[in-house]
Amino acid sequence: MSAVSASLAPAGLPQDATGSSRVDHLVVLGLVEPGSRVLDVGCGDGSLLALLRDRRGVDGRGIELSRQGVNACLALGLPVIQGDADTDLAAYPDDAFDYVILSQTIQATRQPKVVLEHLLRIGRRAIVSFPNFGHWRVRSELLLRGRMPVTDILPDPWYETPNIHHCTIRDFVGLCRVVGARIERASALDASGHPMRFALPWWVWNLVGTQGVFLLRRG
Amino acid sequence: MATPLLKSGIEAASQAVEPTSPVARFAADEPLAMDAGVDLAPWQIAYQTAGTLNAARSNAVLVCHALTGDQHVANTHPVTGKPGWWERLVGPGKPVDTDRYFVICANVVGSCMGTTGPASINPATGRAYGLDFPLVTVRDMVRGQAMLLDRLGIKDLFLCIGGSMGGMQVLQWAASYPERVFAAMPIATGARHSAQNIAFHEVGRQAILADPNWHGGRYLDVGTRPAKGLGVARMGAHITYLSEPALHRKFGRRLQDRDAPTFSFDADFQIESYLRHQGITFVERFDANAYLYLTRAMDYFDLAADHGGVLANAFRGTRTRFCIMSFTSDWLFPTADSRAIVHALNAAAAPVAFVEVESDKGHDAFLLDEPAMISAARGFIAAAGRERGL
């Protein structure tokens, strides 16, 4: 696996032009070819889609659960459907998009494996980011305090969190193998949300990365 | 009660023949080619406009009305004196902003507010068409509207918008004339009429046919109106426009102007009184035969069937941007119907937005003050306007 990690550090991030954009959005931006067709599943207020449209000339679509999010997208001129990743992906045809993005959402789906399979079916590539449950702070909360972790990226107590399927970066790599996804690029983000610069072994990423970001395609 | 009713009935009938709205008249050599295989000629279409057409003729909005609606979308109704039926959405500063857009709303073919329909005079006989009028389809309505736009010199629409049967017309517009529709908003509608909806319509039609004053559809010749039958049809249909929670909230089991049940079939309950009122006021403004024809048009609507059974084929290659809207408590056109449209548009790679508005007001919600609907419409239309350069 360390052979994979050697080529993983995201290149060419527009670090000098971050503006007010979220760093993890800029990481995704760096993975998307200009002019491509993109579906953002769980697109929230549409800020990533708007960024992709304005900076990459992307033809973007979105799915969002909350009506407030959908309304914000409508006002930005983004074609976004009020819907649910668990139920609505099945209706999309094969190869409809160049990229399907699932940002910080897979751990909140009922069937992460089925969702991931749909992403790889609908899109030629999938971009998946998620909070790393293997981060050292998470581990230490469990190990030392014996409590379900509450951290910056996992801020809700266990009884209120929407995240029902936590996984570590290593777990996700395992799922990719199960569904036959090829990992084209991957990176871990540090506590400030910036990609970790150097090619490090997986166990390091799994320990110090707060988020994993993966670019996948069908194997 | 009888005198004003009769007077209004006469006013409604006169609107069918001599409407107060502007009318576009099409002569014998400009027929409306109807799906029934008939060339309707001469024929006319009554319409209202609001706002100003810009020099580029790029800001036209067509509002499509529902089953018992009419062209008076944003102006006082000439028969009832009530405000326009969609003034919450259409007007100065509203989402369909008449300060920016040129709004057209035309009475559909087969209706009774000035556009040719069964209450119009058949030039071949000098009497009202009655059942001699050809069966009307949603596609016929849209063809008629397209001919009106041609007459007005409007090549394409910035926006086509409507709810219920109006939403069916919007979908038909997008399928029949994709190059003429920049943005489309079908609200609380479906790409086909369900078996349950056809069933309710059939009950309404049978009520009209069973009224002895219907006279085989020739009631205008003998100076009667099937008011009972049409009223019952409206009462039944009105229930389908509401929802159980809305009925309960508005009426519950409360009694009408009395302290105890009368042990009779008088309107003891408020809901009975309300429905009777709905029936009576509807009869004042609507023609019974038009009701038969327009309910039939909705029943026949099945956009997928017109395209090899695949709804996505109706929108193949479209460049129109869509915003679909449904309401959680609408059981006449439930959210599943809207989702079927969304899925078809996705399959056709069309840009589509979809909003399900939380409401307990049933199908009628699209006509009512639903802030979530209005804000979503405002966002979509304003963004489309920017893309259109308006």
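This is a predicted model, so every value here is computed, not measured. (Residues numbered from 1 in each chain as written. Chains lettered and ligands numbered in written order. Predicted model: local features only at pLDDT ≥ 70, side-chain atom pairs only at ≥ 80, totals over all residues.)

K.L.:
Outline the overall build of chain A, listing residues and values.
P.N.:
Across its full length, chain A carries nine helices and seven strands. Of all 219 residues assigned to chain A, the portion counted as buried reaches 44%. (Helix = DSSP H or I, 4+ residues; strand = E, 2+ residues; numbered from the N terminus. Buried ≥ 20, exposed ≤ 12 C-beta atoms within 10 Å, placed from the backbone.)

K.L.:
Tell me about the overall build of chain B, residues and numbers included.
P.N.:
Summing up its helical and strand segments, chain B has ten helices and 14 strands in all. Computed over C-alpha atoms, the radius of gyration of chain B comes to 21 Å, within 12% of the 21 Å expected from 2.2 N^0.38 for 390 residues, which places it in the range of a compact globule. By principal-axis analysis of the C-alpha atoms, chain B measures approximately 65 × 50 × 40 Å. In chain B, buried positions account for 53% of the 390 residues. The long-range fraction of contacts in chain B, counting pairs at least 24 apart against all pairs at least 6 apart in sequence, stands at 71%. (Rg over C-alpha atoms; globule rule 2.2 N^0.38 Å. Contact = placed C-beta atoms within 7 Å.)

K.L.:
Mind laying out the packing of helix α4 (residues 195-209) of chain B against helix α8 (residues 288-300) of chain B, listing which residues take part and the relevant values?
P.N.:
All names here are of chain B. One can describe the packing of α4 onto α8 by two numbers: an axis separation of 10 Å at closest approach and a directional angle of 160 degrees. Regarding the angle of α4 to α8, the classification is roughly antiparallel. As for how α4 packs across α8, the hand of that crossing is left-handed. Contacts from I198, H201, G204, R205 and I208 of α4 reach α8 at A288, Y291, L292, T295, M298 and D299. In terms of residue class, the contact of α4 with α8 is made up of six nonpolar, three polar and two charged. (Axes fitted to C-alpha atoms, helices over the stretch in contact; angles between N-to-C directions. Parallel < 35°, antiparallel > 145°, perpendicular 65-115°, else oblique. Left-handed = near helix turned anticlockwise from the far one by under 90°. Nonpolar A, V, L, I, M, F, W, Y, C, P; charged D, E, K, R; others polar.)

K.L.:
Break down helix α3 (residues 165-176) of chain B for me, with residues and values.
P.N.:
Residues and elements named next belong to chain B. Taking 1.5 Å per residue as the helical rise, α3 with its twelve residues ought to reach 16 Å, and the 16 Å between its terminal C-alpha atoms agrees with that figure. Burial of α3 is extensive: eleven of the twelve residues sit out of reach of the surface. Regarding α3, the residues found buried are M165, G166, G167, M168, Q169, V170, L171, Q172, W173, A174 and A175. Taken together, the buried residues of α3 touch β5 (60-64), α2 (138-152), β11 (157-163), β12 (181-187), α8 and α9 (335-347). (Expected span 1.5 Å × (residues − 1).)

K.L.:
Quick rundown of the interface of chain B and chain A? Include the residues and the values.
P.N.:
Across the boundary between the two partners, chain B contributes 22 residues, which contact 15 residues of chain A. For the side of chain B that touches chain A, the elements supplying multiple residues, two or more each, are β13 (321-327), α9, β14 (352-357) and α10 (371-388) of chain B. The leading source of residues in the side of chain B that touches chain A is α10 of chain B, at nine residues. Counted by class, the side of chain B that touches chain A contains 14 nonpolar, four polar and four charged residues.

K.L.:
Quick one: what's the story with the UniProt feature "binding site: substrate" (unreviewed entry) in chain B, residue by residue and with numbers?
P.N.:
Residues and elements named next belong to chain B. Those residues carrying the UniProt feature "binding site: substrate" (unreviewed entry) are R234 and D364 in this numbering. Considering the C-alpha atoms alone, the annotated residues occupy 131 residues of sequence yet fold into one spot, their largest mutual distance being 13.8 Å. One can find R234 in helix α5 (residues 227-241). R234 gets classed as buried once you count the C-beta atoms within 10 Å, which come to 22. (UniProt positions renumbered as here; feature names shortened; annotations may be inferred.)

K.L.:
Explain the UniProt feature "active site" (unreviewed entry) in chain B to me, using residue names and the numbers behind them.
P.N.:
All names here are of chain B. The sites that UniProt annotates as "active site" (unreviewed entry) are S164, D330 and H363. In summary, the annotated positions, though distributed over 200 residues, converge in three dimensions, the widest C-alpha pair being only 10.7 Å. Positionally, D330 belongs in the loop between β13 and α9. With residues near it in sequence (within four places) discarded, D330 still touches A188, G362, H363 and A365. The residue H363 is located in the loop between β14 and α10 in this model. For H363, a count of 25 C-beta atoms within 10 Å translates into the label buried.

K.L.:
With reference to specific residues and values, describe unusual backbone geometry.
P.N.:
Residue and element names in this part refer to chain B. The step from A41 to P42 runs through a cis peptide bond, and the omega angle for that step is -15 degrees. Residue placement: P42 occurs in the loop between β3 (39-40) and β4 (43-50). At S164, a residue that is not glycine, the phi angle is positive and equals roughly 60 degrees. Examined against the element boundaries, S164 turns out to sit in the loop between β11 and α3.

K.L.:
Report on the packing of α5 of chain B against helix α7 (residues 270-285) of chain B, specifying residues and quantitative values.
P.N.:
Residues and elements named next belong to chain B. Running from N to C, α5 and α7 cross one another at 125 degrees; their axes reach a closest spacing of 8 Å. As the angle between them shows, α5 and α7 are arranged oblique. As for how α5 packs across α7, the hand of that crossing is right-handed. Side by side, α5 and α7 meet where A227, L230, G231, V232, R234, M235 and H238 of the first sit next to L275, Q278, G279, I280, F282 and V283 of the second. Each residue belonging to the contact of α5 with α7 can be placed in one class, and the counts come to eight nonpolar, four polar and one charged.

K.L.:
With reference to specific residues and values, describe the nonpolar core.
P.N.:
Across soluble globular proteins, you tend to see nonpolar side chains buried next to one another. All names here are of chain B. If you look at the biggest cluster of nonpolar residues, it comprises 178 residues, and the most contacted ones within it are V61, V103 and L159. Of all the elements, α8 adds the most residues to this core, at eight residues. V103 has contacts with T49, A50, G51, V61, V63, A74, V90, V96 and T98, leaving out every residue within four places of it along the chain. (Core = buried A, V, L, I, M, F, W, Y, C linked by C-beta atoms within 7 Å.)

K.L.:
Requested: an account of the pairing of β5 of chain B, with residues and values cited.
P.N.:
Along any regular strand, the residues point their side chains to alternate faces of the sheet. Residues and elements named next belong to chain B. Of all five residues in β5, five are buried, a share of seventy percent or more. Of the two faces of β5, the one holding A60, L62 and C64 and the one holding V61 and V63 are both buried throughout. Bridge count for β5 against strand β8 (residues 102-106) is four bridges, and the pairing is parallel. When the sheet's bridge partners are listed, V61 is paired in β8 with V103. Relative to β11, β5 runs parallel, the two sharing four bridges. (Pairing = 2+ DSSP bridges.)

K.L.:
Before we move on, could you go through the confidence of the model for chain B and cite the residues and values that matter?
P.N.:
When pLDDT is averaged along chain B, the result is 95, and 97% of the positions lie at 70 or above. Contacts from residues 1-7 of chain B, a stretch scored under 50 in pLDDT, to residues over four places away or in other chains number one contact. (pLDDT = per-residue confidence, 0-100.)

K.L.:
Explain α5 of chain B to me, and be specific about the residues and the numbers.
P.N.:
All names here are of chain B. Between its terminal C-alpha atoms α5 stretches 21 Å, which fits the 21 Å expected from 15 residues at 1.5 Å a residue. Where α5 is concerned, the buried positions are A227, G229, L230, G231, V232, A233, R234, M235, A237 and Y241. At its buried positions, α5 is contacted by α4, α7 and α8.

K.L.:
Break down the pairing of β12 of chain B for me, citing the residues and quoting the values.
P.N.:
Residue and element names in this part refer to chain B. Judged by how many residues are buried, β12 sits mostly within the fold: seven of seven residues are covered. Sheet analysis places β11 next to β12, joined by six bridges and oriented parallel. Bridge assignment links C160 to a residue of β12, and that residue is A184. For β12 and β13, the ladder comprises three bridges, and the chain directions are parallel. Paired with I187 across the two strands is M325, which belongs to β13.

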